[in-house]
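Below are the chains, spelled out letter by letter.
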Number of protein chains: 8
Amino acid sequence: MDERRLRELLEEVASGQLDIEQACARLRNLPFEDLGYAKVDHHRALRQGFPEVVLCQGKTCEQIEGIVQSLHKSADVILATRATADIFACIQALIPEAVYHEEARIIQIGEPPSQSASIALVISAGTSDIPVAEEAAVTAAAIGARVERLYDVGVSGLHRLLGHQELLDAAAVLVVVAGMEGALASVVGGLVDKPVVAVPTSVGYGANLGGIAPLLTMLNSCAGGVAVVNIDNGFGAGYFAAMLCKQLG
Amino acid sequence: MDERRLRELLEEVASGQLDIEQACARLRNLPFEDLGYAKVDHHRALRQGFPEVVLCQGKTCEQIEGIVQSLHKSADVILATRATADIFACIQALIPEAVYHEEARIIQIGEPPSQSASIALVISAGTSDIPVAEEAAVTAAAIGARVERLYDVGVSGLHRLLGHQELLDAAAVLVVVAGMEGALASVVGGLVDKPVVAVPTSVGYGANLGGIAPLLTMLNSCAGGVAVVNIDNGFGAGYFAAMLCKQLG
Amino acid sequence: MDERRLRELLEEVASGQLDIEQACARLRNLPFEDLGYAKVDHHRALRQGFPEVVLCQGKTCEQIEGIVQSLHKSADVILATRATADIFACIQALIPEAVYHEEARIIQIGEPPSQSASIALVISAGTSDIPVAEEAAVTAAAIGARVERLYDVGVSGLHRLLGHQELLDAAAVLVVVAGMEGALASVVGGLVDKPVVAVPTSVGYGANLGGIAPLLTMLNSCAGGVAVVNIDNGFGAGYFAAMLCKQLG
Amino acid sequence: MDERRLRELLEEVASGQLDIEQACARLRNLPFEDLGYAKVDHHRALRQGFPEVVLCQGKTCEQIEGIVQSLHKSADVILATRATADIFACIQALIPEAVYHEEARIIQIGEPPSQSASIALVISAGTSDIPVAEEAAVTAAAIGARVERLYDVGVSGLHRLLGHQELLDAAAVLVVVAGMEGALASVVGGLVDKPVVAVPTSVGYGANLGGIAPLLTMLNSCAGGVAVVNIDNGFGAGYFAAMLCKQLG
Amino acid sequence: MDERRLRELLEEVASGQLDIEQACARLRNLPFEDLGYAKVDHHRALRQGFPEVVLCQGKTCEQIEGIVQSLHKSADVILATRATADIFACIQALIPEAVYHEEARIIQIGEPPSQSASIALVISAGTSDIPVAEEAAVTAAAIGARVERLYDVGVSGLHRLLGHQELLDAAAVLVVVAGMEGALASVVGGLVDKPVVAVPTSVGYGANLGGIAPLLTMLNSCAGGVAVVNIDNGFGAGYFAAMLCKQLG
Amino acid sequence: MDERRLRELLEEVASGQLDIEQACARLRNLPFEDLGYAKVDHHRALRQGFPEVVLCQGKTCEQIEGIVQSLHKSADVILATRATADIFACIQALIPEAVYHEEARIIQIGEPPSQSASIALVISAGTSDIPVAEEAAVTAAAIGARVERLYDVGVSGLHRLLGHQELLDAAAVLVVVAGMEGALASVVGGLVDKPVVAVPTSVGYGANLGGIAPLLTMLNSCAGGVAVVNIDNGFGAGYFAAMLCKQLG
Amino acid sequence: MDERRLRELLEEVASGQLDIEQACARLRNLPFEDLGYAKVDHHRALRQGFPEVVLCQGKTCEQIEGIVQSLHKSADVILATRATADIFACIQALIPEAVYHEEARIIQIGEPPSQSASIALVISAGTSDIPVAEEAAVTAAAIGARVERLYDVGVSGLHRLLGHQELLDAAAVLVVVAGMEGALASVVGGLVDKPVVAVPTSVGYGANLGGIAPLLTMLNSCAGGVAVVNIDNGFGAGYFAAMLCKQLG
Amino acid sequence: MDERRLRELLEEVASGQLDIEQACARLRNLPFEDLGYAKVDHHRALRQGFPEVVLCQGKTCEQIEGIVQSLHKSADVILATRATADIFACIQALIPEAVYHEEARIIQIGEPPSQSASIALVISAGTSDIPVAEEAAVTAAAIGARVERLYDVGVSGLHRLLGHQELLDAAAVLVVVAGMEGALASVVGGLVDKPVVAVPTSVGYGANLGGIAPLLTMLNSCAGGVAVVNIDNGFGAGYFAAMLCKQLG
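Residues numbered from 1 in each chain as written. Chains lettered and ligands numbered in written order. Predicted model: local features only at pLDDT ≥ 70, side-chain atom pairs only at ≥ 80, totals over all residues. Heavy atoms only, no water.

Here we look at the overall build of chain A
Basically, it comes down to this: For helices the rule is a DSSP run of H or I covering at least 4 residues; for strands it is a run of E covering at least 2, with both sets numbered from the N terminus onward. For the exposure calls, accessible area comes from a 1.4 Å probe over protein chains only, and a residue counts as buried if that area is under 20% of its type's maximum, exposed if over 50%, partly exposed in between. A 1.4 Å probe and the Shrake-Rupley method give the accessible areas. Residues count as covered only by the protein chains that appear here.
Check the secondary structure of chain A and you find 11 helices and 11 strands. Within chain A, the proportion of its 249 residues that are buried is 65%. By element, 51% of the accessible surface of chain A is carried by carbon and sulfur atoms, the whole surface being about 8,000 Å².

Quick look at the sheet that holds strand β5 (residues 99-101) of chain C
Residues and elements named next belong to chain C. For clarity, the threshold we go by: Two strands pair under a simple rule: DSSP has to find at least two bridges between them. Any pair of residues with heavy atoms lying within 4.5 Å of one another is described as a contacting pair. Note on definitions: angles span 0 to 180 degrees between N-to-C directions of axes, and those axes are lines fitted to C-alpha atoms, for helices only across the stretch in contact.
The strand order β3-β4-β6-β5 describes an open sheet built from 4 strands, whose pairing is mixed. Two strands close off the open sheet at either side, each with one partner strand: β3 (54-55) and β5. Examined bridge by bridge, strand β4 (residues 78-81) and strand β6 (residues 106-109) share 3 bridges and lie antiparallel to one another. Its bridge partner lying in β6, L79 is registered against Q108. Sitting on the sheet, helix α5 (residues 85-94) touches β5 and β6, and the angle it makes with β6 is about 20 degrees. Sitting on the sheet, helix α6 (residues 130-143) touches β4, β5 and β6, and the angle it makes with β6 is about 10 degrees.

What about the packing of aromatic side chains?
The following threshold applies: A pair of aromatic rings is counted whenever rings of Phe, Tyr or Trp (Trp by its six-membered ring) have centres within 6.5 Å, and the orientation is called stacked for planes under 30 degrees apart, edge-to-face for over 60 and tilted otherwise. By definition, being over a ring means that NZ of Lys or CZ of Arg is both within 6 Å of the ring centre and within 35 degrees of the ring normal.
Going through the model one piece at a time under the given rule, you end up with 20 aromatic pairs over all chains. With 5.0 Å between their ring centres and 15 degrees between their planes, F88 of chain C and Y100 of chain C make a pair best called stacked. Taken together, the residues span a long stretch of sequence, with F88 of chain C in helix α5 and Y100 of chain C in strand β5 at a distance of 12 residues. When its relative accessible area of 12% is taken as the criterion, F88 of chain C is described as buried. Of note, R82 of chain C hangs over the ring of Y205 of chain D, and the distance from its end group to the ring centre comes to 4.0 Å.

Overview of the sheet that holds strand β4 (residues 78-81) of chain B
Sheet architecture is open: 4 strands sit in the order β3-β4-β6-β5 (chain B), paired in mixed fashion. At either end of the open sheet lies a strand with only one pairing partner, and these are β3 (54-55) and β5 (99-101) of chain B.

A few points about the packing of helix α6 (residues 130-143) of chain F against helix α11 (residues 234-248) of chain F
Residue and element names in this part refer to chain F. Defined as follows: The hand of a helix crossing depends on one turn: near helix anticlockwise from the far one by less than a right angle means left-handed, and clockwise means right-handed. Here the nonpolar group is Ala, Val, Leu, Ile, Met, Phe, Trp, Tyr, Cys and Pro; Asp, Glu, Lys and Arg are the charged ones; every other residue, Gly included, is treated as polar.
Axis separation between α6 and α11 bottoms out at 7 Å; the angle between their running directions is 35 degrees. Note on packing geometry: the crossing formed by α6 with α11 is right-handed. When α6 is examined against α11, the residues V132, E135, A136, T139, A140 and I143 are found in contact with a partner set consisting of G234, F235, G238, Y239, A242 and K246. Its residues assigned to classes, the contact of α6 with α11 shows 7 nonpolar, 3 polar and 2 charged.

Details of the relation of the copies chain A and chain D
Just so we agree on the cut-off: Superposing copies: least-squares fit, C-alpha atoms only, residues required to have pLDDT of at least 70 in both.
Of the transformation superimposing chain A on chain D, the axial component is 0.0 Å and the angular component is 180 degrees, with the fit at an RMSD of 0.1 Å. Those values place the two copies in the arrangement expected of a two-fold rotation axis. Residues of chain A ranked by C-alpha distance from the rotation axis are headed by V228 of chain A, positioned 2.5 Å from it. Both copies contact each other with a shared surface, as 100% of the interface residues of chain A are interface residues in chain D too.

Brief notes about the domain arrangement of chain A
All names here are of chain A. Defined as follows: Where each domain starts and ends comes from a domain assignment, either automatic or drawn from a database. Computed with a 1.4 Å rolling probe, the buried area is the accessible surface lost when two parts are put together, summed over both parts. Basic side-chain nitrogens of Lys or Arg form a salt bridge, by our definition, when they fall within 4 Å of a carboxyl oxygen of Asp or Glu. Under the rule applied, a polar contact is a pair of N or O atoms within 3.5 Å (in protein, one hydrogen donor and one hydrogen acceptor; residues adjacent in sequence only if both atoms are side-chain atoms).
Domain boundaries assigned for chain A yield domain 1 (30-109) and domain 2 (119-248). Between domain 1 and domain 2, the C-alpha centre-to-centre distance is 26 Å. On the domain 2 side, the residues contacting the 14 residues of domain 1 number 14 residues. Both faces combined, the contact of domain 1 with domain 2 buries some 1,100 Å², and carbon together with sulfur accounts for 63% of it. Linking domain 1 to domain 2 there are 1 salt bridge. Taking the shortest distance from any N to any O, the salt bridge between R82 and E135 comes out at 3.5 Å. Our count for the domain 1 to domain 2 interface comes out at 1 residue pair in polar contact (both at pLDDT 80 or more). Contributions of two or more residues to the side of domain 1 that touches domain 2 are made by β4 (78-81) and β6 (106-109). Residues that form the side of domain 1 that touches domain 2 fall into these classes: 6 nonpolar, 5 polar and 3 charged.

Observations regarding the environment of I231 of chain B
Following the sequence through the fold, I231 of chain B ends up in the loop between β11 (226-228) and α11 (234-248). Of the residues examined, I231 of chain B reaches a relative accessible area of 1% and is grouped as buried. With 19 residues separating them along the chain, I231 of chain B and I212 of chain B place their C-alpha atoms 7.5 Å apart. Residues in contact with I231 of chain B, not counting those within four places in the same chain, are P200, T201, S202, G210, G211, I212 and L215 of chain B together with Y205, G206 and A207 of chain E.

Re the interface of chain A and chain D
Each side of the interface is counted separately: chain A has 29 residues, and chain D has 29 residues. Contact between chain A and chain D buries roughly 2,600 Å² in total, counting both sides, with carbon and sulfur atoms accounting for 61%. Counting every contact that joins chain A to chain D gives 0 salt bridges. Linking chain A to chain D there are 5 residue pairs in polar contact (both at pLDDT 80 or more). Going through the elements one at a time, α3 (44-48), α9 (184-191), β10 (196-200), α10 (212-219), β11 (226-228) and α11 (234-248) of chain A are the ones with two or more residues in the side of chain A that touches chain D.

Focus: the pairing of strand β9 (residues 173-178) of chain D
Each regular strand carries side chains that alternate between the two faces of the sheet. Residue and element names in this part refer to chain D. How we decide: Classification remark: right-handed applies to a crossover when, strands pointing away from the viewer, the course from the first strand over the helix to the second runs clockwise.
Within β9, 6 of the 6 residues are buried, leaving the element largely enclosed by the surrounding structure. In β9, alternate side chains face the same way, and those of V173, V175 and V177 on one face and L174, V176 and A178 on the other are all buried. The pairing of strand β7 (residues 119-124) with β9 spans 5 bridges and is parallel. Its bridge partner being in β9, I123 is matched across the sheet by V176. A crossover connection joins β9 to the parallel strand β10 (residues 196-200) through helix α9 (residues 184-191); in handedness this β-α-β unit is right-handed.

Some points on the pairing of β4 of chain A
Residues and elements named next belong to chain A. Burial along β4 is two-sided: the face carrying I78 and A80 and the face carrying L79 and T81 are both buried. As paired elements, strand β3 (residues 54-55) and β4 share 2 bridges and run parallel to each other. Considered in β4, the bridge of L55 is made with T81. With respect to chirality, the unit in which β3 leads through helix α4 (residues 61-72) into the neighbouring parallel β4 is right-handed.

Observations concerning the environment of G204 of chain H
For G204 of chain H, the position within the fold is in the loop between β10 (196-200) and α10 (212-219). Contact partners of G204 of chain H, with chain neighbours within four places excluded, come to Q57 of chain D together with M180 of chain H.

Thoughts on the environment of A140 of chain H
Residues and elements named next belong to chain H. Tracing the backbone shows A140 in helix α6 (residues 130-143). Spatially, the C-alpha atom of A140 lies 28 Å from that of L209, the residues being 69 residues apart in sequence. Aside from chain neighbours lying at most four places away, what touches A140 is A145, V147, G238 and A242.

Side note on unusual backbone geometry
With phi around 65 degrees, D152 of chain B is a residue other than glycine that occupies positive phi space. By the element assignment, D152 of chain B lies in the loop between β8 (146-150) and α7 (159-162).

Considerations on α10 of chain A
With respect to burial, α10 of chain A is a largely interior element, 8 of its 8 residues being buried. Along α10 of chain A, the residues classified as buried are I212, A213, P214, L215, L216, T217, M218 and L219 of chain A.

Overview of the state of the cysteines
Heads up, the rule is: Here, the term disulfide refers to a pair of cysteine sulfur atoms separated by no more than 2.5 Å.
This structure, assessed with the given rule, holds 0 disulfides over all chains. Distance from the sulfur of C245 of chain E, which forms no disulfide, to the nearest cysteine sulfur (C245 of chain F) is 15 Å. Overall, the relative accessible area of 0% leaves C245 of chain E in the buried class.

Things to note about the pattern of salt bridges
Residues and elements named next belong to chain G. One pass over the full model with this rule turns up 40 salt bridges over all chains. For R149, the salt bridge is made with E134, and the minimal N-O distance between the two is 2.6 Å. Of the two residues, R149 sits in strand β8 (residues 146-150) while E134 sits in helix α6 (residues 130-143), which places them 15 residues apart along the sequence. Given a relative accessible area of 39%, R149 falls into the partly exposed group.

Looking at the confidence of the model for chain A
Inclusion rule: pLDDT is a per-residue confidence score from the predictor, ranging from 0 to 100.
Taken residue by residue, chain A gives an average pLDDT of 86. The fraction at 70 or more is 86%. By mean pLDDT, the top-scoring element of chain A is strand β9 (residues 173-178) of chain A (98), and the lowest-scoring one is α3 of chain A (52).

Let's talk about the side chain of E134 of chain C
The exposure class of E134 of chain C is buried, given its relative accessible area of 12%. At 2.6 Å, the side chain of E134 of chain C forms a polar contact with the side chain of R149 of chain C.

Quick look at the side chain of N220 of chain H
When you line up the elements, N220 of chain H lands in the loop between α10 and β11 (226-228). A distance of 3.1 Å separates a polar atom in the side chain of N220 of chain H from the backbone nitrogen of N208 of chain A.

As structure tokens, then:
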């Protein structure tokens, strides 16, 4: 319910078209659809600039189908993240134009109306970090950001990164995806004058603690301009980066 | 052994019906049945207002069967939580009227003698939190509370919750079930003047740490009137809420 | 802003007494007073049954004075917790009838209009846990609960607790305050059929981890009906217990 | 050393003005000044859009003076964070125009050449979070962002926040500063379609774990578009937000 | 190499039967058998009163067979802990008189030469803790302690424990095995004047943290005379208890 | 209340000397003295073989004085642990024969009636661990154990320990006190066939984590027969060791 | 790009053979091969003395094949660690001379040109630690170190280690691999005057915390000259040790 | 007791100069001096190549004086680490030639007989890390290593490090000291082919967790050849590095 709708409602009250009980009730009801197990949020696109995204993890196939169908009524683009091939099979049967980004584990339906000129550059430290990096890249692109990729440029061979300074400088925002010790975020943060969204991954073993080590590294970054999202949360970083790109145009 | 039985015993001693050795022995023996692997506590209903509940996790089918059969002799309602479909099959073969609440993973035998007028409202933040919420709801209902449900009203779309203020106000106690960051408990705590029992769930990934993140969130709630149970402990919250409702009537 | 005020506002709109712009604005504005560093919430008493409580820790004397003076305009009872003697000196100079509960570290202004018949029993495991227990007891009493105390009855000498079964049975809700290993909450939970609000304290050393040990103990309680608040949060437990007593009358 | 300087150097080599040994050496040397205990980075302004910021914590007065004097030669604006009043006294004796933002604990020398039109909105959950919020606000303003403040709007009294939706909508980026359970970041994230930089603070006690609780809350935020900086790192959030505003203009 | 052997060696040197190089070498060599992957310690029985025990976890069947065969040459009793049924099949093929204690997951070969008069009482809090309790009981018995068992007497139904005070008083040492919150160790510690060896188990979920919760509970026990072994380490507790019983006779 | 007193009471009921109400009441009352802030447990000596020990930490001087005076009526030996010199001054004014073991921070009043023949050997790894070792040694001696000391024999110079094998062999129980990495407990455990009570200390820095490192080391000891008490809990280890020695005579 | 190549390039610029644009570009490009998912680092051998090692964990078979083939063009020796038998089958099909060290889970292609005279001694505490020890030994040997092995010499039977003092003294560097409590590293560190590289393993259970316990033990070692690598990181320790041996010759 | 002394002893036995009892006794006694609170280890120089180092933290002035005087009899160089100015005053009164390295907090008595040709390069990330770096540098020099320093070259301004590649290449071993996120160790590890000893420092705040963050970073380093010592353990790193340099000459 936006400002305009609120004024209309009050005008209907003022003109007597709507009685007070009805107005009271309507002011309490904002547009969401109740599926019982889920309250699908149809005006999130108005409020947040992008429709609700379905996190598949922990939901049954039936629940995902129900939510996707409900969103399909009103949304330009629908994303379902952490989707297995089985879930994609269900969704594709329902909505044949659905696309599966396998490495990113994302189901996408529809395309964004436009693409930003400003670039979100997604960087990965190692080959094993690519699935998370792809989750970020696919998400950002689906929301309308122009996305570039730079993979396997970890700090143990610094020249691989330093050789791409031009690409680093061209980006409006950088998403740095790294597991192990996660030092790449600090190094990139020291090389650019743009915001860096750091994504720790659970790639590693032992004292990596399932991604806690790179998470702490990134939170303690000595370089300015680095903010961090949850471990393996490529989606969150891509979403954040796309929000910036869309503001910049 | 309650107060009345103690007086009777002492009267038997006073009247010489019971000699001192026997009295000594009986004062040491309180009513529980020893199955070897379990000491079934038949007077818990007297002491705690509800019979012993069987936590199936970590027990063999044979052990659960033995305990349920022993409880069946004296209890109005029996609950077996964290029960798989396999365990239900065993129990149903034994006690055909047993009912399986699949989403809640609870086996229930019998019904509570009465239902409270006061309401325990069970709220879930997301769709994935529903199994834990159902464990709370089924437990509370089995003990005799009137239960209402409000699911998928997490803080990322606050209007879904704010649209149900009336329901929030009607409850005598609220159970808030939330994973991810668990912020819903604080928000609900700030909207009502009733006790809130918060249940963190292990829904999430990475820095969620298997539910530690929402647990800490709820323990640090800036809203008054929020108390917390263990991660995924829907049973505990439902039990606590029902205790309140039964006192209120 | 309560239901009644909303109806009045809409009636003013319907009758033309209030124009739409003003109504829009007023619907956005709920009653709080902005002190710059604090937004004092004057209708919390309506919404939550008790005025905002001032947590002194981390606030300057000037800030506390400002907030207390602002609350003083509308509240029956004001509580300022974690208050040092110095802070009390400031407040007393301002409001001479202020009372300082030294052991509980609480400043209280005013008295609750009535006291519940139902009892909140505050139990402490050891002598060192008494300050937190007193914070709970003073808070609950200030909100209007009838409070009883039972101190130094830890599990290393179980008979001290078992000797008070009558008092345990008389309570409508029990607050159990314990540091060290915090086992008292489980033991009390097994002896009563009433809700137990457990408060871990930071009393202990080494593997106590500043109260984490009793916190975990209480969260994992094998007794039903135990819910937990933050370490040393006597206030939270007292507030929660008083909410129950006030509902029960 | 920027692109232009590299070309000039190579042209000098091509023209024979510079011999190869000298060119080799110069390509190795980038401009920093070596104070022994510190290597002051004079071309960071070129590389990162803002001069090196001095974190006073852990440095002696003499070291801070040396670094500030060295930076003073080339920088428009100098910031020294986590500065005590004593450190300010030292610096002011050296550079009289230095200004001390007491609540933010920041020493500022000079003003940014321009201010962005886009707004960085700094929000605090409680009164005790204001020092960290001020660190963010002063930092962002010093770098050239237009800053607005909205303090003490925590989730326990949600209407205090909801009453400022207009201000939320006006911001290009929001910095949310919260201790205790840190739920405010998720709530704000659900109300806006702009990036939210969340700052957990160490305000709280017990299971707050020195800010770990709100840190985890924010990392697990169920709202999209939330990224997180270190506990109490107001500087980092302000710097990140200003980078966005400066790109937007 | 014991005292007697050392004297003999020095006597051989004194008498010229052994030259100095040989003596040097022999003083470096103590009796163990080198299997390449394991150095079997044949004189541990002399040094520690019981032969080396084989922890099967993490070893291949071949390695376990080799070690058991090597020990079989010199040991009265051999224990292999954490043994699966598959491992038992291997060992039984080799040494037909081997016995498998299924619940305790222990393979035993041989019997202790005698049994102590003093009692090691093994207590379990719940039914699910029995496998660990059995590991303790079987171990203690195999080393020569007289073992009694008292299972499923957790603190949520205290009378189950209090009803066995006589058995508690008869024990020379008590092994208390408990998961969940592990409060039983403190309660038992407060009821007896004998040493209590506490074994936390990983039975539980959520904030149980795989047994860390009862481990901390037991370490912080407010009752004197409680010492703790590793989570699920029934073997260690049984071994410790048996050492006491054997000293007492 | 012991068995004998129970029989007497029942005999009085049988003979009519005691009416039922009185008997009921008395069965509820076990002997402890209520000081308000403390319930002093006078029959602990009967139940546990040693009177209640006063942990001074967290108690006021007045509280400690009250408890000590109450215990002084019935106890042979009184111990007050973690006592500062100030607390000793208070106690000495009250009870002039009180003795202060400064390094152990223990106040002792009275002597044990007898000393065991069997030896409790207290071993410290380093010089800095001595205060905790002394707490163990003084406690064990006060309860009646014969105590020997072996200090500064950490594993970095193994010969210092190996040179005392005879002393190790003479002990009935060994208390090993070690900070840093705590490896000494495992090494001692491998050299003896007697129970080892390990005490981790908070001596160390960094990844020592206030004693968590040696605590974990000791819990994971690969040597059999090692049980562990809380960090810096010399008292607990001395108490445990003395219980063994007193059983052995 | 080494020093020599840089001079040549600058000489070509000086002589006009290379224009400035080309020189600029080339200075930005260092030799790595871009496979899309990986940037293979061909000059690491020059920079680090050994080619890039492939960590197989988290990579697909296709990715590993691609990287190995790319490295095969220029490297003397290739190592692929954490390789399963399936991965070896893929690689062997491609490069038949590849060898699989099964226990070490390493695929090796080629042999080092020479072997050092100085010895890297790899010591394991238990049989279960051998896979990690073998990873260290195979790695060190593949890089050119002379490797000796000493396995199953944990501290619970100290004489097994003390009997090999001669071997300890012969080593130039020692790699100590230990799980459980990891005390072996301190003991070895106290016996030698050479650097000790300690490798904690995840062998153990409960409070071992997946190797955190021995990791902390080793970091807190009271013996000088002990440095630590990640849990189960045999590769890292072998690599480190070989670097030393190669310097020593 | 070295090999030569052992032979002599055995020869005395063979020749009848020493009887067997005496030989037995002497073989048990290795040379350390027992001060009661400390067993000073005089033959550590033989066994470990450097005399015992006194860690002052946790010791009284009297204890330190005693140990230093005892060591002074036999040692070339004595180091006392973590020494305050007060401790230095005590020691200087005793041994006037003692020198105090203030920044390193080390007292040094005597000089090493020779200095290695190979270089230990000590690198610090920031100015605040210098005290720990100095502890490493002074220690390594005192043991006989040639030491070079490179301070304040953290990754946020990478050119400061890259400008010193020549110095990096000249070192035989590198000690990298870094707090905050500790990324410098990985970056240095990727630039050199020599062993890197990484020292995390407790410099930082919040999620730095007192140095745990850089510790984890360094343990998870993606660069080969990095080993780690305890947080703030400059001494340990300097000792380790010097051991390498002394072997290399």
